[in-house]
Amino acid sequence: MSRRLFFWLAVFAFVFPAFAHAQGILVVVDPDQHVRLPRPIVIWPPHPPYPIPHPPPPPVPVSYKIKDLDVQARLIDQVAQVQVAQTFVNNGSRPLEVAFVFPLPYDGAIEQMTLLIDGKEFPAKLLDAKEARRMYEEIVRKNRDPALLEWIGTGMFKTSVFPVPPGASRTVSLRYSQLLRKQEGLTDFLFPLSTAKYTAEAPEKISLRATIESQDEIKNVYSPSHAIEIKRPDEKHAVISYTSRNEVPGSDFRLFFDVGKGKVSTRVLSYRPDRDKEGFFLLLASPEIKADDGVKPAKTVVFVIDRSGSMSGKKIEQVKASLKYVLNNLRPGDTFNIVAFDSQVEAFRPELQRFDEDTRKAALGFVEGLYAGGSTNIDGALKTALAQIQDSQRPNYIVFLTDGLPTAGVTSEPQIVSNVKGYNKIRARLFAFGVGYDLNSRLLDKLVRENFGQSEFVRPNEDIEDRVSKLYHRIESPVLTGVRLQFIFDELRTEEGSPVGRVYPKDEIDLFAGEQLVLVGRYKKPGAAKVVVEGKVGERGQKFDFPATFVEKSNDDSFGFIEKLWAVRRVGEILDELDLKGKNDELVRELVELATRHGILTPYTSFMADENVRIHDFAANSAIARERLLALSESGGQAGAGQRAYKGSLQQANQAPAGYGYGAAHSAPAEKAADDLAGLDMSRMGGAMYGGRGQASNFAADAKKELASAAQNIRNVGNRTFYQRGGQWIDSQVTKAQEANPKRVKQFSDEYFELARRNGKAVAQYLVFDEPVLLNLDNQAYLIEP
């Protein structure tokens, strides 16, 4: 006889970070059934005694998947008007009876809420927090599934019951308005995605579109959680979009924005979990989209193009198309030139040309006549280009494209770097594109580091024209150049030294129209401060100052993402130092410590995903990382270019990577970097572990295997990282001393629930493991045991 199973469907709204939850959860409430929430089979169960079935198991009686999720939000000043449509499918073999449940985080958070099931409006009953908590606790106890624990303590709306036959789908729609919170001048918009991991399969599509409308100019628009696309039709409107396919969401969607007037808007957020240690801060700075009177500052752009024999065929044609694109988009007042080189160096004109219709046509003709052949005189080409730039009062950019090694003229890597630094007398910014794998990628990185720019590496299957046009679109409208930041704290004594440090990016930068600066750093001194931003607008020096507050002690983890983002950029900076300056044992240890604490898995630290590696044995783990870092001595080939592209992605990251395990795949850039190492011959590098011939492939294979196992052995939950060791999960913040003497708590006991109630939502999210978990709470280790 078929049994109908009763579920609650829980769907959650935009709320404060402590209340960030999933869109749809089906929970069995039939007293005779004990059914857990579904997990994607590829990452659940993560380890024995629940091995991943092979071959795939037959359909289970009770299961569902989230098919798609569509979010449309209109943000008008501080009010969000939200419409959500979610489709879920009963992919079990039994019919489901479900009700739609909507938890409320606080009184007055949601207004004008409307719930529809397949277009039909359903009435909802309000349950207060006490009633809702009792219901949740009963379900957690009965089903022996801790997943719902993180929702205890909130009130809710609950609809009447509706059926979902096997194989059938239902679309739940939700419309509501909400007053968004505002902190440090930034409006904070949160959409909870992460617990949509409780689905039998990854959602086919998640799409989110948010429009921002304001009476004042929109300045900073930033997501710490997702790589978003931002379009700005004008100063008072912005459109944000995000789409993923066949991915289990790894974090909640979060968006900050602010409005105001003036050429530059600067906001500072700070996070300090321990008052006895340095804090972390994030600074957002956005320039005015248009300059005074709509006139954009003139600039100088010089293209230095490799036309050696290796550039023949498709590459030279793409380069020519790139040049034509830029030439057709220069503006009156801009100056430019083109330097083409092989073994000889040839310039379009002997000196910089002012852009107009005549020079445009002549330059297009010069480009059309380029052909590939000869050797590669990098030093001579950059000398010729930099000698033409004499005006330090305007923005100056060198765009350098090469696919080869220096084989003519000066060929010594250190000498070329030293020479070019000397040629660059007015701080022109050098943007280098490495094309293909037959080049010295370390040389390019050294050149851009000494010349205030950035490097990019274009793989053989990638389009050069697309990459160059994107760069030019970015730099075509400089608004504030030579930007320097100064932090002035109240009551700061000279002997206290600098109140901030380890700031990334760390050099002077240029701000461009439509772009914003995302800067992270550490701070020693809390309290009120003034941020001074200095730079040039056109040829005029400008100075702006903004108030900021650096907290003494954070009350919660709502800004914990700042620490993780800082750690990601710091790891990139450490790799850059080791790459360009050589061995440094202190930096290697710091790299391992940061990677361990924050779950940042690079090819050099991916061994942390191995269950047999001890978390706190930093000496042994540093030795493994030191061996793997020998790979950085490879400057050429796919391994050289791939490693430096990966390093750059960390240095320029604007979001910390999402978690492993539930809710996220492991790092695609790290996987790609591991792939790039596959052909590396480590026998030339003197290591003991990967020193023999044929060991290169073992290094790459080990890294790839470890990165793949991260889904089973590492979970980033909230702002913490947990490692699966010996059948239990260990919080990376648990010290070796704390691990020896934990306080034991039985899962699902009264003490277990009291721990969640007493510490609130910030801790409850760490209690949802099925297996034993070792957790650090206020410097006390707790061992939660089933």
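Source: prediction; values computed, not measured. (Residues numbered from 1 in each chain as written. Predicted model: local features only at pLDDT ≥ 70, side-chain atom pairs only at ≥ 80, totals over all residues. Heavy atoms only, no water.)

### A few points about the overall build of the protein
Move 1: When helices and strands are counted, the protein shows 16 helices and 38 strands.
Move 2: Going through the 786 residues of the protein one by one, you find that 57% of them count as buried.
Move 3: A sequence separation of at least 24 residues applies to 76% of the contacts in the protein between residues at least 6 apart.
Move 4: Of the roughly 31900 Å² of accessible surface on the protein, 48% is carried by carbon and sulfur atoms. (Helix = DSSP H or I, 4+ residues; strand = E, 2+ residues; numbered from the N terminus. Buried < 20%, exposed > 50% of the residue type's maximum accessible area, 1.4 Å probe, protein only. Contact = heavy atoms within 4.5 Å. Areas by Shrake-Rupley, 256 points an atom, 1.4 Å probe, with all protein chains shown as cover.)

### Details of the side chain of Asp 731
Move 1: Assignment of secondary structure puts Asp 731 in strand E35 (residues 728-731).
Move 2: Exposure remark for Asp 731: the relative accessible area of 0% places this residue in the buried category.
Move 3: Looking at Asp 731, its side chain comes within polar contact range of the main-chain nitrogen of Asn 776, at 3.2 Å. (Polar contact = N/O pair within 3.5 Å; in protein donor to acceptor, adjacent residues only side chain to side chain.)

### Re the nonpolar core
Move 1: Counting 62 residues, the largest nonpolar core has Tyr 222, Leu 282, Phe 561, Ile 562 and Leu 629 as its most contacted members.
Move 2: Top contributing element to this core by residue count: helix H8 (residues 561-581), with ten residues.
Move 3: Among residues more than four places away in sequence, those in contact with Leu 282 are Tyr 222, Arg 267, Val 268, Leu 269, Val 518, Leu 519, Val 520, Phe 561, Ile 562 and Leu 565.
Move 4: Formed by 32 residues, the second largest nonpolar core is a distinct cluster that contains Leu 327, Phe 336, Leu 364 and Leu 370. (Core = buried A, V, L, I, M, F, W, Y, C linked by side-chain atoms within 4.5 Å.)

### A word on the sheet that holds strand E19 (residues 279-287)
Move 1: Here we have four strands laid out as an open sheet, ordered E18-E19-E30-E28, and antiparallel in their pairing. Pairing within the sheet leaves two strands with one partner each, and these edge strands are strand E18 (264-271) and strand E28 (500-504). Recorded for the sheet is a direction-independent mean angle of 25° between the axes of neighbouring strands.
Move 2: Sheet topology note: the E19/strand E30 (residues 517-523) ladder contains seven bridges and is antiparallel. Considered in E30, the bridge of Leu 284 is made with Val 518.
Move 3: Relative to E30, H8 is tilted by about 95°, and along the sheet it contacts E18, E19, E28 and E30. (Pairing = 2+ DSSP bridges. Axes fitted to C-alpha atoms, helices over the stretch in contact; angles between N-to-C directions.)

### Overview of the packing of aromatic side chains
Move 1: On inspection of all chains with the given rule, the structure shows 21 aromatic pairs.
Move 2: Aromatic side chains Phe 722 and Phe 769 sit 4.9 Å apart centroid to centroid with 55° between the ring planes, which places their arrangement in the tilted category. One end of the pair, Phe 722, is in strand E34 (residues 720-725); the other, Phe 769, is in the loop between helix H16 (761-764) and strand E37 (773-777), with 47 residues separating them in the sequence.
Move 3: One aromatic cluster in this structure is built from Phe 281, Phe 487, Phe 489, Tyr 523 and Phe 550.
Move 4: Above the plane of the ring of Phe 452 lies Arg 427, whose end atom (NZ or CZ) is 3.9 Å from the centre. (Phe/Tyr/Trp six-rings, centres within 6.5 Å; stacked < 30°, edge-to-face > 60°. Lys NZ or Arg CZ within 6 Å of the ring centre and 35° of its normal.)

### Regarding the sheet that holds strand E12 (residues 186-191)
Move 1: Taking strand neighbours across the sheet as the criterion, the four strands line up as E11-E12-E17-E14 in an open arrangement whose pairing is antiparallel. Of all the strands in the sheet, the pair left with one neighbour each is strand E11 (181-183) and strand E14 (217-222). Direction aside, neighbouring strands of the sheet carry axes that sit 30° apart on average.
Move 2: By the bridge criterion, five bridges tie E12 to strand E17 (residues 253-260) in an arrangement that is antiparallel. By the bridge assignment for E17, Phe 191 is matched with Phe 253.

### Brief notes about the packing of helix H6 (residues 441-450) against H8
Move 1: Contact pair H6 / H8: the axes reach a minimum separation of 10 Å and the direction vectors enclose 110°. In this view, H6 runs roughly perpendicular relative to H8, as classed from their interaxial angle. Along this stretch, H6 crosses H8, giving a crossing that reads as left-handed. Facing H6, whose interface residues are Arg 442, Asp 445, Lys 446 and Arg 449, H8 presents Glu 573, Asp 576, Glu 577, Asp 579, Leu 580 and Lys 581.
Move 2: A breakdown of the residues in the contact of H6 with H8 according to their chemical character gives one nonpolar, no polar and nine charged. (Parallel < 35°, antiparallel > 145°, perpendicular 65-115°, else oblique. Left-handed = near helix turned anticlockwise from the far one by under 90°. Nonpolar A, V, L, I, M, F, W, Y, C, P; charged D, E, K, R; others polar.)

### Regarding the confidence of the model for the protein
Move 1: With 83% of its residues at a pLDDT of 70 or more, the protein shows a mean pLDDT of 82.
Move 2: A low-confidence stretch, residues 1-24 (pLDDT under 50), is modelled with 118 contacts involving residues beyond four sequence positions or located in other chains.
Move 3: Every residue in residues 660-666 is under pLDDT 50, and counting partners more than four places away or in other chains gives 35 contacts. (pLDDT = per-residue confidence, 0-100.)

### A short note on the environment of Leu 208
Move 1: Inspection of the secondary structure puts Leu 208 in strand E13 (residues 205-213).
Move 2: A C-alpha to C-alpha distance of 4.6 Å links Leu 208 and Val 71, two positions 137 residues apart in sequence.
Move 3: When near neighbours in sequence (up to four residues on either side) are disregarded, Leu 208 contacts Val 71, Phe 191, Ile 240, Ser 241, Tyr 242 and Phe 253.

### With respect to H8
Move 1: With 21 residues, H8 extends 30 Å from end C-alpha to end C-alpha; this agrees with the ideal 30 Å at 1.5 Å per step.
Move 2: For H8, the buried fraction is high: 20 of the 21 residues fall into the buried class.
Move 3: Downstream of H8 by a residue or two, Gly 582 has a phi angle that is positive, lying close to 100°. (Expected span 1.5 Å × (residues − 1).)

### Details of the pattern of salt bridges
Move 1: Throughout the structure, instances matching the rule amount to 50 salt bridges.
Move 2: For Lys 320, the salt bridge identified is with Glu 317, shortest N-O distance 3.7 Å. With Lys 320 and Glu 317 both in helix H2 (residues 314-327) and three residues apart, this pair spans about one turn of that helix.
Move 3: Assessed through its relative accessible area of 46%, Glu 317 is described here as partly exposed.
Move 4: Across the pair Asp 579 and Lys 647 runs a salt bridge whose closest N-O atoms are separated by 2.7 Å. (Salt bridge = Lys/Arg side-chain N within 4 Å of Asp/Glu carboxyl O.)

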